[in-house]
Amino acid sequence: MVGGGIIGLMCAHYLRRAGADVTILERDGVGRGCSWGNLGWVCPSISSPLPAPGLGVRSVASMLDSDSPLYIKPSAMPGLSPWLLRFRSHCNEADFASGSRALTELSRSTMHLYDELAADGLEFESASAGLTFVSLRREALEAERRVIEVVGAARVEEWSADELASREPALPRTFAGALHVRTDRHVLASSVCAAVADASARDGVRVEEGFRVDAIRVIESGVVLEGPAGAVEASAVIVAAGAETGGLLSGPGPHLPLQAGKGYSLTVHDPAIRIRSPLYLCDGKIGMTPYEGSLRIGGTMELSGINRTLERRRLDSIRRVVKGVVPEALNGTRVEEWVGMRPLTPDGLPAIGSWGSVPGVFVATGHQMLGVTLAPSTGKALAQLVLEGRSEIDLAPFDPARFERRDS
């Protein structure tokens, strides 16, 4: 297993539970990538592809504005252009609807699988408080309702301004109302990673932190994973290295067009206000998640290539949005800043399955903002595919080779 984020850990968990010998090779620390500072939403209700109708040519100019929720760094444009052209081709009603159906099917067992993990004794922070969409404008709420209805994964409650005030009394009385999805949950993803890693280690999974894999070589008996620390031989490998997965998959298999979508978050410790459920601020496309002793505020999508540079202006943009609608949310004893790279495919669907016809090499990446939602079902389905040659979930929409077929 290459990659010790929430996707790789879930794959290792289900492989080991099925009897496989598993080693995780993680270049940094387990759960320290995108799993560390994300919002932790388990949200089948909004499991839709990133390329949506309306994100076409006319919106590219606005994306070059560094304050835009979806920002393309101008200096990265030359290298991003081929990927952006593919992305644009999926910004239509048909692809959005079919992609949403595929994601809904993949996330169908999510809640059950998280319940199973807890029933098996894994301890992680989790709450079933639903997800609340709020806006200063009624029309923004109606736009979000239409998206949720396309996904079709949940019932939506509509709250008036007075109902919102009674349910979330800490919020200012400036919102036009809210939409609430009761069935969604949230978890502290870092605590999920720690729990799964500990349980897997007890079950016999070997974890090698600080082991960077630079190349994957196929041999007659399996694969060899090579890096500065040496080489590891295995009968098969799952590459779940997030946005850096594409760089490891060179050679005989299909090209995987993967980009990094940087997201930012602020974790306010001992926050001045307490909200009851995660909030999505429709007006600025910012999310807020309450945890034990903290409030995490995050959002934005920055396309600037693979880099971990924390751009101060992006964090300032988040602060401005929050200050304009829920200013007290920024007050606490300490604020922790974070940036992470989400793995993005042009069609907004993850790449899950075998790497073309290359024997013994499998892929699990491209989950965009849905890694926490899709991790358990991805791990279970891919473990079945590796060990049995098939999975209970139809993985055809997520075939890593699909981009070459579309371009041919």
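Notes on the structure in this doc start here. (Residues numbered from 1 in each chain as written. Predicted model: local features only at pLDDT ≥ 70, side-chain atom pairs only at ≥ 80, totals over all residues. Heavy atoms only, no water.)

Phi at Lys-285 takes a positive value of approximately 55 degrees, unusual for a residue other than glycine. Here Lys-285 shows up in the loop between β15 (279–281) and β16 (286–291). Looking at Lys-285, the relative accessible area reads 43%, which means it is partly exposed. (Helix = DSSP H or I, 4+ residues; strand = E, 2+ residues; numbered from the N terminus. Buried < 20%, exposed > 50% of the residue type's maximum accessible area, 1.4 Å probe, protein only.)

With that settled, consider the packing of helix α6 (residues 110–119) against helix α12 (residues 371–388). Put simply, α6 and α12 touch, their axes get as near as 9 Å, and they point 80 degrees apart. The angle between α6 and α12 falls in the class roughly perpendicular. Of the residues in α12, those in contact with Thr-110, Leu-113 and Tyr-114 of α6 are Val-372, Thr-373, Pro-376, Ser-377 and Lys-380. (Axes fitted to C-alpha atoms, helices over the stretch in contact; angles between N-to-C directions. Parallel < 35°, antiparallel > 145°, perpendicular 65-115°, else oblique. Contact = heavy atoms within 4.5 Å.)

Let us now look at the environment of Cys-193. Within the fold, Cys-193 resides in helix α9 (residues 189–203). Note on Cys-193: relative accessible area 2%, which makes it buried. For Cys-193 and Val-363, which are 170 residues apart along the polypeptide, the C-alpha to C-alpha distance reads 19 Å. Residue contacts for Cys-193: discarding those within four places in its chain leaves Gly-5, Ile-6, Leu-9, Gly-31 and Ser-35.

Note on placement: Ser-160 falls in strand β6 (residues 157–160). When the C-alpha atoms of Ser-160 and Pro-290 are compared, they prove to be 22 Å apart, with 130 residues separating the residues in sequence.

Counting across every chain of the model gives four aromatic pairs. Look at Trp-41 and Tyr-280: their rings are 6.4 Å apart centre to centre, the planes differ by 80 degrees, and that puts the pair in the edge-to-face class. Taken as a pair, Trp-41 in strand β2 (residues 41–42) and Tyr-280 in strand β15 lie far apart in primary sequence, 239 residues in all. Here Trp-41 and Tyr-280 have matching classes, each one buried. On the basis of an interplanar angle of 70 degrees and a centroid distance of 5.7 Å, the ring pair of Phe-133 and Tyr-280 is categorised as edge-to-face. Placement of Phe-133 in strand β5 (residues 131–135) and of Tyr-280 in strand β15 is noted, with a sequence separation of 147 residues between them. In this structure, Phe-133 and Tyr-280 share a single accessibility class: buried. Members of the aromatic cluster, connected to one another through ring pairs, are Trp-41, Phe-133 and Tyr-280. Between Arg-32 and the ring centre of Trp-36, over which it is positioned, the NZ or CZ distance is 3.8 Å. (Phe/Tyr/Trp six-rings, centres within 6.5 Å; stacked < 30°, edge-to-face > 60°. Lys NZ or Arg CZ within 6 Å of the ring centre and 35° of its normal.)

Bringing the environment of Glu-328 into the picture now. Looking at the secondary structure, you find Glu-328 in the loop between α11 (312–325) and β18 (334–344). A relative accessible area of 41% means that Glu-328 is categorised as partly exposed. For Glu-328 and Phe-398, which are 70 residues apart along the polypeptide, the C-alpha to C-alpha distance reads 42 Å. Those residues in contact with Glu-328, other than ones at most four positions away along the chain, are Ala-272 and Ile-273.

Taking 1.5 Å of rise per residue, 14 residues should cover 20 Å, and α11 covers 21 Å from first to last C-alpha, within 8% of that figure. Here α11 has its buried residues at Arg-314, Leu-315, Ser-317, Ile-318, Val-322 and Val-325. Taken end-on, α11 shows its buried residues confined to a sector of 155 degrees, consistent with a single buried face. Among the exposed residues of α11, those pointing more than 90 degrees away from its buried face are Lys-323 and Gly-324. The inward-facing, buried residues of α11 contact β3 (70–72), β14 (259–269), β15, β16, β17 (294–303) and β18. (Expected span 1.5 Å × (residues − 1). Arc of directions from axis to C-beta.)

For the rest of this paragraph, the subject is empty space enclosed by the protein. Inspection of the entire model under this criterion finds one cavity of 30 Å³ or more. Of the voids in this model, the largest cavity is the one considered here, and its volume is about 30 Å³. Around the largest cavity, the lining residues are Leu-50, Pro-51, Trp-83, Phe-87, Leu-344, Thr-345, Gly-348 and Gln-368. (1 Å grid on protein atoms, 1.4 Å probe; cavity = no way out; pocket = protein on both sides within 12 Å on 5 of 7 lines; lining within 4 Å. Points joined across faces, edges and corners; volume = space filled by probe spheres on them.)

What follows concerns the layout of surface pockets. Size it by volume and the second largest pocket reaches roughly 340 Å³. As for the second largest pocket, its lining consists of 18 residues, of which Asp-21, Val-22, Thr-23, Ala-234 and Ala-236 are closest to the centre. Of all the secondary-structure elements, those providing two or more residues to the lining of the second largest pocket are β1 (23–26), β12 (230–234), β13 (237–239) and α12. If you tally residues by element for the lining of the second largest pocket, the top one is β12, at three residues. Broken down by class, the residue content of the lining of the second largest pocket amounts to 13 nonpolar, two polar and three charged. (Nonpolar A, V, L, I, M, F, W, Y, C, P; charged D, E, K, R; others polar.)

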